[in-house]
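Summary of the model geometry
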Amino acid sequence: MKEREIMKIFHDCGALLEGHFLLTSGLHSNRYIQCAKVLQYPELATDLGADLAACFQDLQVDVVVGPALGGILVAQEVARWLKARALFTEREQGAMTLRRGFTVEQGERVLVVEDVVTTGSSTREVIQVVEGYGAEVVGIGALVDRHTGTLDFKVPFHALLRLEIATYSPESCPLCREGLSLVKPGSRQGKVEAGYSSSK
Ligand SMILES: [Zn+2]
């Protein structure tokens, strides 16, 4: 699929919202991405997994690993096409780890995947876990790359969609200045209680 078609899927599923959003970090943004809104449709998840898997098909991947929760379905769908195992890492007392009897063997070739790469920090944590088992990370994949600055990954990185998302501190948010109402994505009403917006 072309990036334009993938963008349309995200828009059509309501996974990519445009407006004025309050992020969990406290920053405001002009766009909000929620990959789960796309992945709720298994056929689309499988199609996107195929596209992402195609970027890594020559790397002889044994295992695809993603961080929970966002990376679980992505790992599953990419692994389906690469005929690899699909695992996920979880946090245990804050530390990223493989649980549930999951393991990777020394020398296995691992692809690390995420739904969205923002700073790359969770990806780097997964890499550390995998390398701790003596396995080799051979690539990194994501549905959406929305990072700013440098990611500094040492292996090939591919994302299906590259998104520019502007973030602002509440004090200097131009969307607040325009008086656009602030929305907290994922909350039931979506509206933010009074007091959050600096325009109040
Ligand atoms: Zn704002």
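Residues numbered from 1 in each chain as written. Predicted model: local features only at pLDDT ≥ 70, side-chain atom pairs only at ≥ 80, totals over all residues. Heavy atoms only, no water.

**A few points about unusual backbone geometry**
Keep in mind that most residues, glycine aside, have a negative phi and that most peptide bonds are trans. Put simply, the rule reads: Only runs of H or I of at least four residues qualify as helices and only runs of E of at least two qualify as strands under DSSP, and these elements are numbered from the N terminus. Only protein chains enter the accessibility calculation, which uses a 1.4 Å probe; a residue is then buried when its area is under 20% of its type maximum, exposed when over 50%, and partly exposed in between.
With an omega of -10°, the peptide bond between alanine 68 and leucine 69 qualifies as cis. With respect to the secondary-structure elements, leucine 69 resides in the loop between strand E3 (63-67) and helix H4 (70-82). With a phi angle near 50°, glutamine 93 is a residue other than glycine that sits in the positive phi range. Its place among the elements puts glutamine 93 in the loop between strand E4 (85-92) and strand E5 (95-98). Taking relative accessible area as the criterion, glutamine 93 reaches 86% and is therefore assigned exposed. Non-glycine residue aspartate 152 carries a positive phi angle of around 60°. With respect to the secondary-structure elements, aspartate 152 resides in the loop between strand E7 (136-145) and strand E8 (157-162).

**Description of the coordination of the zinc ion**
Filter applied, for reference: For Na, K and Ca the donor cut-off is 3.2 Å; for every other metal, N, O and S atoms count as donors within 2.8 Å. Water does not enter the count, which can leave sites looking incomplete. Working rule for geometry: tetrahedral if four donors all subtend angles between 85 and 135 degrees; square planar for four, octahedral for six, if opposite donors exceed 155 degrees and the others stay between 65 and 115; irregular in every other situation.
The protein atoms donating to the zinc ion are His20 (NE2), His28 (ND1), Cys173 (SG) and Cys176 (SG), with metal-donor distances spanning 2.0 to 2.4 Å. Because the angles between the four donor atoms bound to the zinc ion fall within 96 to 121°, the donor set is best described as tetrahedral. All donors of the zinc ion come from a single chain, and their spacing in sequence reads H-x7-H-x144-C-x2-C. Taken together, the positions of histidine 20 in strand E1 (residues 16-22) and cysteine 176 in helix H6 (residues 174-177) put the pair 156 residues apart, joining distant regions of the chain.

**Comments concerning the confidence of the model for the protein chain**
We count it as follows: For every residue, the predictor reports its confidence as pLDDT, a number between 0 and 100. Contacts between residues were defined by any pair of non-hydrogen atoms, one from each residue, lying within 4.5 Å.
Residues with a pLDDT of 70 or more make up 93% of the protein chain, whose mean pLDDT is 92. When the criterion is pLDDT under 50, residues 193-200 qualifies, and its contacts beyond four places in sequence or with other chains add up to ten contacts.

**With respect to the packing of aromatic side chains**
What counts here: Centre distance within 6.5 Å is the pairing criterion for rings of Phe, Tyr and Trp, where only the six-membered ring of Trp is used; planes under 30 degrees apart are then read as stacked, over 60 as edge-to-face, and the remainder as tilted.
For the coordinates displayed, the defined rule picks out three aromatic pairs. Centroid distance phenylalanine 21 to tyrosine 32: 6.0 Å. Interplanar angle 45°. Geometry classified as tilted. Here phenylalanine 21 is found in strand E1, whereas its partner tyrosine 32 is found in strand E2 (residues 28-33), with eleven residues between them in sequence. For tyrosine 32, a relative accessible area of 21% gives the class partly exposed. On the basis of an interplanar angle of 90° and a centroid distance of 5.2 Å, the ring pair of phenylalanine 88 and phenylalanine 102 is categorised as edge-to-face. One end of the pair, phenylalanine 88, is in strand E4; the other, phenylalanine 102, is in the loop between E5 and strand E6 (109-117), with 14 residues separating them in the sequence. Residue phenylalanine 88 is classed as buried on the basis of its relative accessible area of 17%.

**Focus on the sheet that holds E1**
The criterion, for reference: We call two strands paired when DSSP finds no fewer than two bridges between them. Note on geometry: axes are C-alpha line fits, over the in-contact stretch for helices, and angles between N-to-C directions span 0 to 180 degrees.
The strand order E1-E2-E9 describes an open sheet built from three strands, whose pairing is antiparallel. Looking at the sheet topology across the chains shown, the edges are occupied by E1 and strand E9 (167-168). Running over the sheet, helix H1 (residues 3-12) touches E1 and E2 and is turned about 60° from E1.

**What about the pairing of E5?**
As defined by bridge partners, E4 adjoins E5 across four bridges and the pair is classed as antiparallel. Note on E5: the bridge partner recorded for glutamate 90 is threonine 97. Turn length for the E4-E5 hairpin, with the two strands adjacent in sequence and antiparallel, is two residues, and the turn residue glutamine 93 shows positive phi of about 50°.

**As for helix H3 (residues 42-54)**
For clarity, the cut-off: A helix is expected to span 1.5 Å for every residue after the first.
In this model H3 runs 18 Å from its N-terminal to its C-terminal C-alpha over 13 residues, within 8% of the 18 Å that 1.5 Å per residue would give. Where H3 is buried, its residues contact H1, helix H2 (36-39), H4, E7 and E8.

**Overview of H1**
For clarity, the cut-off: By construction, the arc corresponds to the directions joining the helix axis to the C-beta atoms.
Every buried residue belonging to H1 is among Ile6, Ile9 and Phe10, and all of these are buried. Each buried residue of H1 lies within a common arc of 95° when the element is viewed along its axis, so the set occupies one face. Turned more than 90 degrees away from the buried face of H1, the exposed residues are Arg4, Lys8 and Asp12. Elements in contact with the buried residues of H1: E1, E2, H2, H3, E7 and E8. Downstream of H1 by a residue or two, glycine 14 has a phi angle that is positive, lying close to 75°.

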